[in-house]
Amino acid sequence: MKLTYSPASPFARKVRITAIELGLIDKIDLTPVTVAPGTPNDEYSKIHPLKKLPVLILDDGDVIVDSYVIVEYLDELAGGGKLIPAAGPLRWNVKRDHSLLQGMLDSMLLCRYENITRPEALRWKAWSDDHWNRAWLGMARFEQSDVLSRSELDIAQITLVCVLGYADFRFADCGWRKAYPKLDAFHQRMLERPSIKISVPPPA
Ligand SMILES: N[C@@H](CCC(=O)N[C@@H](CS)C(=O)NCC(=O)O)C(=O)O
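What comes next concerns the included structure.

Reading the values: the criteria
Residues numbered from 1 in each chain as written. Predicted model: local features only at pLDDT ≥ 70, side-chain atom pairs only at ≥ 80, totals over all residues. Pairing = 2+ DSSP bridges. Helix = DSSP H or I, 4+ residues; strand = E, 2+ residues; numbered from the N terminus. Right-handed = clockwise from strand over helix to strand, strands pointing away. Core = buried A, V, L, I, M, F, W, Y, C linked by C-beta atoms within 7 Å. Buried ≥ 20, exposed ≤ 12 C-beta atoms within 10 Å, placed from the backbone. Domains from an automatic or database assignment. Contact = placed C-beta atoms within 7 Å. Expected span 1.5 Å × (residues − 1). Arc of directions from axis to C-beta. Near = placed C-beta within 6 Å. Nonpolar A, V, L, I, M, F, W, Y, C, P; charged D, E, K, R; others polar. Axes fitted to C-alpha atoms, helices over the stretch in contact; angles between N-to-C directions. Parallel < 35°, antiparallel > 145°, perpendicular 65-115°, else oblique. Left-handed = near helix turned anticlockwise from the far one by under 90°.

1. Description of the pairing of strand S1 (residues 2-5)
Next, step 1: As paired strands, S1 and strand S2 (residues 29-32) are joined by 4 bridges and run parallel to one another. When the bridges of S2 are listed, tyrosine 5 appears paired with proline 32.
Next, step 2: Since S1 and S2 lie parallel, the crossover through helix H1 (residues 10-21) that links them has a hand, and here it is right-handed.
Next, step 3: Taken together, the 2 bridges between S1 and strand S3 (residues 55-57) define a ladder with antiparallel strand orientation. Bridge pairing in S3 places leucine 3 opposite leucine 56.

2. Section: the environment of aspartate 62
Next, step 1: Checked against the element boundaries, aspartate 62 lands in the loop between S3 and strand S4 (63-65).
Next, step 2: Taking the C-alpha atoms as reference points, aspartate 62 and alanine 185, 123 residues apart in sequence, are found 40 Å from one another.

3. Comments concerning the nonpolar core
Next, step 1: Counting residues in each nonpolar core, the largest one holds 42 residues, and the members touching the most others are Val71, Leu105, Ile155, Leu160, Val161, Val163 and Leu164.
Next, step 2: Looking at this core, the elements with two or more residues in it are S1, H1, S3, helix H3 (67-77), helix H4 (89-117), helix H5 (125-143), helix H6 (155-170) and helix H8 (181-190).
Next, step 3: Top element by residues in this core is H6. It accounts for 10 residues.
Next, step 4: Residue contributions to this core reach at least three from each of two domains, namely domain 1 (2-77) and domain 2 (89-193).
Next, step 5: Beyond its immediate sequence surroundings of up to four residues, valine 163 is in contact with Pro10, Leu101, Met104 and Leu105.

4. Remarks on H5
Next, step 1: In this model H5 runs 27 Å from its N-terminal to its C-terminal C-alpha over 19 residues, within 8% of the 27 Å that 1.5 Å per residue would give.
Next, step 2: Restricting attention to buried positions, one finds in H5 the residues Ala135, Trp136 and Phe142. Each buried residue of H5 lies within a common arc of 115° when the element is viewed along its axis, so the set occupies one face. For H5, the exposed residues set more than 90 degrees away from the buried face come down to Ala126, Trp127, Asp129, Asn133 and Leu137.
Next, step 3: Those residues of H5 that are buried are in contact with H4, H6 and H8.

5. Digging into the site of the ligand
Next, step 1: Of all residues adjacent to the ligand, which total 14 residues, the nearest are Ser9, Phe11, Pro37, Lys52 and Ser67.
Next, step 2: Those elements that place two or more of their residues in the shell around the ligand are H1 and H3.
Next, step 3: Partitioning the shell around the ligand into residue classes produces 9 nonpolar, 2 polar and 3 charged.

6. Let's talk about the packing of H4 against H6
Next, step 1: Remark: H4 packs on H6, axes separated minimally by 8 Å, with the N-to-C direction vectors making an angle of 15°. Comparing the axis directions of H4 and H6 gives the class roughly parallel. As H4 packs across H6, the resulting crossing turns out to be left-handed. Where H4 abuts H6, its residues Val94, Asp97, His98, Leu101, Gln102, Met104, Leu105, Met108 and Arg112 lie against Ile155, Ala156, Thr159, Leu160, Cys162, Val163, Tyr166 and Arg170.
Next, step 2: Classifying every residue of the contact of H4 with H6 by side-chain character gives 11 nonpolar, 3 polar and 3 charged.

7. A few points about the sheet that holds S4
Consider a sheet: its strands pair through backbone hydrogen bonds, and that pairing is either parallel or antiparallel.
Next, step 1: A sheet is described by the order of its strands in space; here 4 strands give the open sequence S2-S1-S3-S4, paired in mixed fashion. Sheet topology places S2 and S4 at the edges, where each strand pairs with a single neighbour. Going from strand to strand, the sheet's axes swing by 25° on average, the running direction of each strand aside.
Next, step 2: Sitting on the sheet, H3 touches S3 and S4, and the angle it makes with S4 is about 125°.

And the structure:
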């Protein structure tokens, strides 16, 4: 299998950590792809018309898009119920938490695109501030969440690490560690896992 990948993408990082944790990383080639809003990539658009990373390309050529769907696929390949609990209240807590975190990542990415990619004269500060605020309030919510203390690794914990790593990578001065000390302790604990450590985005 091939995974379209960029070390800067928090969504691709989520899938990479998942593959390592499930023991499937040796079956996956990480294939570097560059995508950016406002820049066509005709070759990649043939693989994924939405032109987003990551995509999992199966050995028969079929493609799976969206990081969460790829995680579901890999989880099933590994036997099921590993990082996404198979049933019961925990399943719905993990899925709910993952959706919130995914929305936080979407908002952070939109901020980044607005502040960096969009020409300066066209930037809309109230809009990007609103999106940053969503991510920030999301962090406040997770500061109080049982995600931080669950003993079995799950996809919500992995995605929370990707949110915090992306904050370090693209919003280095935002001060999340000071504002959210429990998230800081969680992040430091998670960095002890080789999958998390190896996938930290490189310095920008
Ligand atoms: N819902 C998607 C989001 C993926 C996404 O937004 N990826 C970004 C890279 S971090 C991307 O491809 N952006 C390029 C663009 O939107 O043009 C997922 O979870 O895989």
